[in-house]
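As a plain string of letters, each chain reads:
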Amino acid sequence: MVAGAVIAMSLLGGCSTVVFSDNNSSDAAATVEREALIRAAAAIDETKWPEPRKASFAEKLTGFVGGGDDVGKDGAVKAYLASMPAGGRQEIVFADAARHLDAAGTLANAANAAAESVRPVKSDIAIMESAIAKLRQDRDIYLACLKAIDHGGEKVKSDAMRGLKSEFNQAIENVGAAADRLADAVESDRTETLVSEPSARR
């Protein structure tokens, strides 16, 4: 952790913020902002199921894995459900989903803070793009799990599922907006750098 800077990050209940104390070094502040962004993205990436993958051509050709390109998600859903106790599974799903939604809020805040840093970098944009893709994947797996739980006899309210989908869609939109702001900051910084170069003024 960089001296003179404090990151306040909450992944449970309530808003997540990134707070900085007085710091004489703008580079140090930018480093702390980037650390906050990386941590938030890592929280989104952390799941209780194996990373889904697409079936290879050989697997589909031989029939070793059935079901087409989406088999990875199906396997993740089965593994996630198998890790839960017999009862109260939907409560576990909603609680885990809430942690991912809080992490998405933290990431959006961190990205907005990073957009104000002196030297935003392209690697930050890649982190954001990866996180957005992961949020979409997380949303789909949580919803598939809830549907499986409902079909298995543990009734899940349809309104609750629709609400969760809506929350994820909003979170994805918020993270996407923050990613766009960060990309604009990177492009603006690049443009200013080119203008300031001697060759650009000739």
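Scroll up a little and you will see the structure.
This write-up is about the structure you can find in this document.

How each quantity is defined
Residues numbered from 1 in each chain as written. Predicted model: local features only at pLDDT ≥ 70, side-chain atom pairs only at ≥ 80, totals over all residues. Heavy atoms only, no water. Salt bridge = Lys/Arg side-chain N within 4 Å of Asp/Glu carboxyl O. Helix = DSSP H or I, 4+ residues; strand = E, 2+ residues; numbered from the N terminus. Core = buried A, V, L, I, M, F, W, Y, C linked by side-chain atoms within 4.5 Å. Buried < 20%, exposed > 50% of the residue type's maximum accessible area, 1.4 Å probe, protein only. Contact = heavy atoms within 4.5 Å. 1 Å grid on protein atoms, 1.4 Å probe; cavity = no way out; pocket = protein on both sides within 12 Å on 5 of 7 lines; lining within 4 Å. Points joined across faces, edges and corners; volume = space filled by probe spheres on them. Nonpolar A, V, L, I, M, F, W, Y, C, P; charged D, E, K, R; others polar. Expected span 1.5 Å × (residues − 1). Phe/Tyr/Trp six-rings, centres within 6.5 Å; stacked < 30°, edge-to-face > 60°.

1. Comments concerning the pattern of salt bridges
Alright, step 1. Throughout the structure, instances matching the rule amount to 9 salt bridges.
Alright, step 2. One salt bridge in this structure joins Lys48 and Asp96, with 3.0 Å as the shortest N-O distance. Of the two residues, Lys48 sits in the loop between α1 (26-45) and α2 (57-62) while Asp96 sits in helix α4 (residues 89-115), which places them 48 residues apart along the sequence.
Alright, step 3. Of the charged contacts, one joins Arg89 and Glu154 as a salt bridge, the two residues approaching to 3.9 Å between their closest N and O atoms.

2. Quick notes on the nonpolar core
Alright, step 1. Counting residues in hydrophobic clusters, the biggest one holds 44 residues, and the most contacted among them are Leu37, Val93, Leu107, Met128, Tyr142, Leu164 and Val175.
Alright, step 2. A total of 11 residues in this core trace back to one element, the largest contributor, which is α4.
Alright, step 3. If we ignore the near neighbours within four places in the chain, the residues touching Val175 are Ala104, Leu107, Ala108, Met128, Ile132 and Leu135.

3. Considerations on the side chain of Asp124
Alright, step 1. Locating Asp124 in the fold gives a position in helix α5 (residues 122-151).
Alright, step 2. Looking at Asp124, the relative accessible area reads 1%, which means it is buried.
Alright, step 3. Contacts of Asp124, omitting those with residues within four sequence positions, involve Arg34, Leu37 and Leu182.

4. Let's talk about the layout of surface pockets
Alright, step 1. Estimates place the volume of the largest pocket at around 200 Å³.
Alright, step 2. In this structure, the largest pocket is lined by 12 residues; those nearest its centre are Ala43, Glu46, Asp96, Arg99 and His100.
Alright, step 3. Class assignment of the residues belonging to the lining of the largest pocket gives a composition of 6 nonpolar, 2 polar and 4 charged.

5. Quick look at α5
Alright, step 1. In this model, α5 (30 residues) spans 44 Å end to end at C-alpha, consistent with the 44 Å of a helix rising 1.5 Å per residue.
Alright, step 2. Taken from the residues just after α5, Gly153 is the one with a positive phi, measuring 110°.

6. Quick notes on the packing of aromatic side chains
Alright, step 1. Here the structure, examined in full by the defined rule, presents 4 aromatic pairs.
Alright, step 2. Judged by centre distance (5.0 Å) and plane angle (65°), the rings of Trp49 and Tyr80 are edge-to-face. With Trp49 in the loop between α1 and α2 and Tyr80 in helix α3 (residues 71-82), this pair connects stretches of sequence that are 31 residues apart.
Alright, step 3. For Tyr80, a relative accessible area of 0% translates into the label buried.
Alright, step 4. Considering the side-chain rings of Tyr80 and Tyr142, the 6.1 Å spacing of their centres and the 70° angle between planes classify their relative orientation as edge-to-face. With Tyr80 in helix α3 and Tyr142 in helix α5, this pair connects stretches of sequence that are 62 residues apart.
Alright, step 5. Connected via pairs of aromatic rings, a cluster forms that spans Trp49, Tyr80, Tyr142 and Phe168.

7. Points about the environment of Gly87
Alright, step 1. By the element assignment, Gly87 lies in the loop between α3 and α4.
Alright, step 2. Given a relative accessible area of 48%, Gly87 falls into the partly exposed group.
Alright, step 3. For Gly87 and Ile149, which are 62 residues apart along the polypeptide, the C-alpha to C-alpha distance reads 10.0 Å.

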